[in-house]
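Survey of secondary and tertiary structure
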Amino acid sequence: MSTGSRNTWEAWARSVPPLACVSTREPCPDPMATATRLARAGLAGQYVVYEADGGVWHFAAGSDVSVTADTGGITARAAGRTWTSRTDGRPLAAFAGALSALRDEDDEGSRGEENAGGRHFYGWAAFELAHLLHADPASAGDRPLLHAMVPSVEVTLGGDSTVVRAVDEAWARKVADLLAEPAAGQPSARDEPVREGTEGIIAAGSAAYGRAVARTVGDIRAGLLEKAVVSRKVPLPAERHPDFPATYLAGRRANTPARSYLLDLGGYRAAGFSPETVLEVGDDGRVSTQPLAGTRALGADPAENERRRAELLSDPKEIHEHAVSVRLAWDEMAAVCSPGSVVVEEYMAVRPRGSVQHLASRVTGRLRPDTGPWDAFASLFPAITATGVSKRAALQTLARHEDGPRGLYGGAVFRGSTGGALDAALVLRTLIGTGDEAWLRAGAGVTAQSSPEREIEETCEKLRSVAPHLRFSAD
């Protein structure tokens, strides 16, 4: 999968400095708080905190090296220079081609990094990329669809050690000084939680959303599709300015996500607690996806939680919604995996995710020799549980019934490597900002059995994973 001049990307890759300075320190007692503190420090114009599997947090920062793609073109930057090329309506192919040039540099042995698996990159994919991959290209718009940063410094905060990788000693010293600082003491005014108005925030726009659900049920009963995940946007008050790092720390302490992330990257700010991954690809070619569909609230009363869990496992609408999602995940995995390798390793388990509990399954396989991580991404993106079945018909339905583009919501935040690994979190349960605007968004799976009242309540249940933990700047 490649688009654009190979010489262009090779020239760009040669201009990307290696992370030549590597040091290992004692583990941090609170890696989540440490990663958040590094993000707040403002080391560079762009940063990402990404919580991976197994309680490992990664912090990455940089301003110099990036790749951005939209429907018409791709732009790569490094060492103060800019390279551009046309995408001819295939931005994902162009994006993958640019990043693959970094791997070619690694293979030539010119990087000398002490990092198994190659160089890492961090980025996002906007939901509208889906229209190019599966539906109507005209609905993709003209905004950036993919963005990745190759960091100048990367800190891995694990249970056994803290590893710092940097392009030079100056970057390494900046991070070492921050890691040596004592943890923050008393919370500041900006860390004060929202004490009132949470329910008012999450109820905004619910009546219009109910009408969109009703129209979607009509489409389904007319035979246009089986399921659509219809969402609603909840703008935050313009006079309030969210503190993204403080919101992330408070929200992560209260949530049980599959992945979490905090970023200021490529024009988006986000603090999110993703309930599932779009895909996980290992260096060995093993690929996995984790569809979640079917929802009930999760509160403080164990007996009530168990009642809702039993209800979830026996509700025909929720079971049907989940089953069709798993079926489509299987088909999408089979399109890029070796014959006979696709299996459902887990089916209809119940997973706690902050203020809700979900039916969860896991589908795995092994990539064919002629496919790679971005081929798998192209097949699986966007997550079935953020679109519907069939994916093409669901995307067309969402374009008709949702208010405006989704942008980051329903897309992915990812961490990948030149060695072939790619870990992509589904962007749900997330505070999102761009420019002076900030918002929440939530959706529900709509089927022929759906009622507007129940789907409105489901969006409220999901918004409660984030809204109570919003923190605002003191100014």
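What this report covers is the structure whose coordinates are included nearby. (Residues numbered from 1 in each chain as written. Predicted model: local features only at pLDDT ≥ 70, side-chain atom pairs only at ≥ 80, totals over all residues. Heavy atoms only, no water.)

A look at the pattern of salt bridges
So the rule is basically this: Salt bridge, as used here, is a side-chain nitrogen of Lys or Arg placed within 4 Å of a carboxyl oxygen of Asp or Glu. Strands here are runs of E lasting at least two residues and helices are runs of H or I lasting at least four, both read from the DSSP assignment and numbered beginning at the N terminus. Throughout this description, buried means an accessible area under 20% of the type-specific maximum (1.4 Å probe, protein chains only), exposed means over 50%, and partly exposed covers the range between.
With the rule as written, the count across this model stands at 34 salt bridges. The shortest N-O distance in the salt bridge between glutamate 332 and lysine 391 comes to 2.9 Å. Of this pair, glutamate 332 sits in helix α10 (residues 316–334) while lysine 391 sits in helix α12 (residues 391–401); the two residues are 59 residues apart in sequence, bridging distant segments of the chain. Here the two residues glutamate 332 and lysine 391 agree in accessibility, since each one is buried. If you follow the salt bridges from partner to partner, you end up with Lys227, Arg296, Glu304, Arg307, Arg308, Glu311, Asp315, Lys317, Glu318, Glu321 and Glu455 in one network.

Brief notes about the nonpolar core
The cut-off we apply is this: What we call a nonpolar core is a set of buried Ala, Val, Leu, Ile, Met, Phe, Trp, Tyr and Cys residues that are connected through their side-chain atoms within 4.5 Å. For this analysis, residues touch if any pair of their heavy atoms sits within 4.5 Å.
Trp12, Phe95, Leu129, Leu279, Trp374 and Phe377 are the most contacted members of the largest nonpolar core, which has 95 residues in total. The element best represented in this core is helix α3 (residues 91–107), accounting for 8 residues. Ignoring sequence-local partners within four residues, the contact set of phenylalanine 95 consists of Val67, Ala69, Ile74, Leu146, His147, Ala148, Trp374 and Phe414. Within the second largest apolar cluster, 43 residues are counted, among which are Leu43, Val167, Leu179 and Leu463.

Notes on the packing of aromatic side chains
Heads up, the condition is: Two rings belonging to Phe, Tyr or Trp (six-membered ring only in the last case) form a pair when the distance between their centres is within 6.5 Å. Interplanar angles under 30 degrees mark stacking, angles over 60 mark edge-to-face geometry, and anything in between is tilted.
The tally for this structure, following the rule as stated, stands at 10 aromatic pairs. When the centroid spacing of 6.4 Å and the interplanar angle of 20 degrees are considered together, the rings of phenylalanine 121 and tryptophan 374 count as stacked. Here phenylalanine 121 is found in strand β7 (residues 120–125), whereas its partner tryptophan 374 is found in helix α11 (residues 373–380), with 253 residues between them in sequence. Relative to phenylalanine 414, the ring of phenylalanine 377 lies with its centre 6.5 Å away and its plane at 75 degrees, an arrangement referred to as edge-to-face. Remark: phenylalanine 414 occurs in strand β20 (residues 412–417) and phenylalanine 377 occurs in helix α11; sequence separation between them is 37 residues. Phenylalanine 414 gets classed as buried once you look at its relative accessible area, which sits at 0%. Counting every residue linked through ring pairs, the aromatic cluster contains Phe95, Phe121, Trp374, Phe377, Phe381 and Phe414.

Some points on the pairing of strand β22 (residues 430–434)
Under the convention used in this document: At least two bridges found by DSSP between two strands are what make those strands a pair.
When you tally the buried positions in β22, you get 4 out of 5 residues, the bulk of the element. Pairing of strand β13 (residues 268–274) with β22, which is carried by 4 bridges, proceeds in the antiparallel orientation. Each residue of the ladder has a partner; that of arginine 269, found in β22, is glycine 433. Note that β22 and strand β23 (residues 437–446) share 3 bridges and pair antiparallel. Each bridged residue has a counterpart across the sheet, and for isoleucine 432 the counterpart in β23 is tryptophan 439. Linking β22 back to β23 in an antiparallel pair, the connection comprises 2 residues, with glycine 435 at a positive phi of about 60 degrees.

Details of the packing of helix α7 (residues 206–221) against α12
Which entries qualify depends on this criterion: Structural elements are reduced to axes, namely lines fitted to C-alpha atoms, with helices fitted over the stretch in contact, and the angle between N-to-C directions of any two is expressed from 0 to 180 degrees. Crossings are classed by handedness, with left-handed meaning an anticlockwise turn of the near helix from the far one by less than a right angle and right-handed meaning a clockwise turn. Three classes are used, and their members are as follows: Ala, Val, Leu, Ile, Met, Phe, Trp, Tyr, Cys and Pro are nonpolar, Asp, Glu, Lys and Arg are charged, and the others, Gly among them, are polar.
At their nearest, the axes of α7 and α12 sit 10 Å apart, and the two run at 145 degrees to each other. You can see that α7 and α12 cross each other, and the crossing is right-handed. Packed against α7, whose contacting residues are Ala212, Arg215, Thr216 and Asp219, the element α12 presents Thr397, Arg400 and His401 at the interface. Tallied by class, the residues present in the contact of α7 with α12 amount to 1 nonpolar, 3 polar and 3 charged.

Quick word on unusual backbone geometry
Along the chain, phenylalanine 381 connects to proline 382 via a cis peptide bond; the corresponding omega equals -10 degrees. With respect to the secondary-structure elements, proline 382 resides in the loop between α11 and β19 (388–389). Along the chain, valine 389 connects to serine 390 via a cis peptide bond; the corresponding omega equals -15 degrees. One non-glycine residue, arginine 429, lies in positive phi territory at about 50 degrees. Note that arginine 429 resides in the loop between β21 (422–426) and β22.

With respect to the sheet that holds strand β1 (residues 21–25)
Read from one edge to the other, the open sheet built from 11 strands follows the order β1-β10-β9-β3-β2-β12-β13-β22-β23-β11-β19, with strand pairing classed as antiparallel. With partners counted over all chains shown, the strands left at the sheet margins are β1 and β19, one partner each. The strands that helix α2 (residues 31–40) touches are β2 (46–52), β3 (56–62), β9 (153–157) and β12 (259–265); relative to β3, the one it contacts most, it runs at about 10 degrees. Lying on the sheet, α12 is in contact with β11 (227–235) and β19; it crosses β11 at an angle near 35 degrees.

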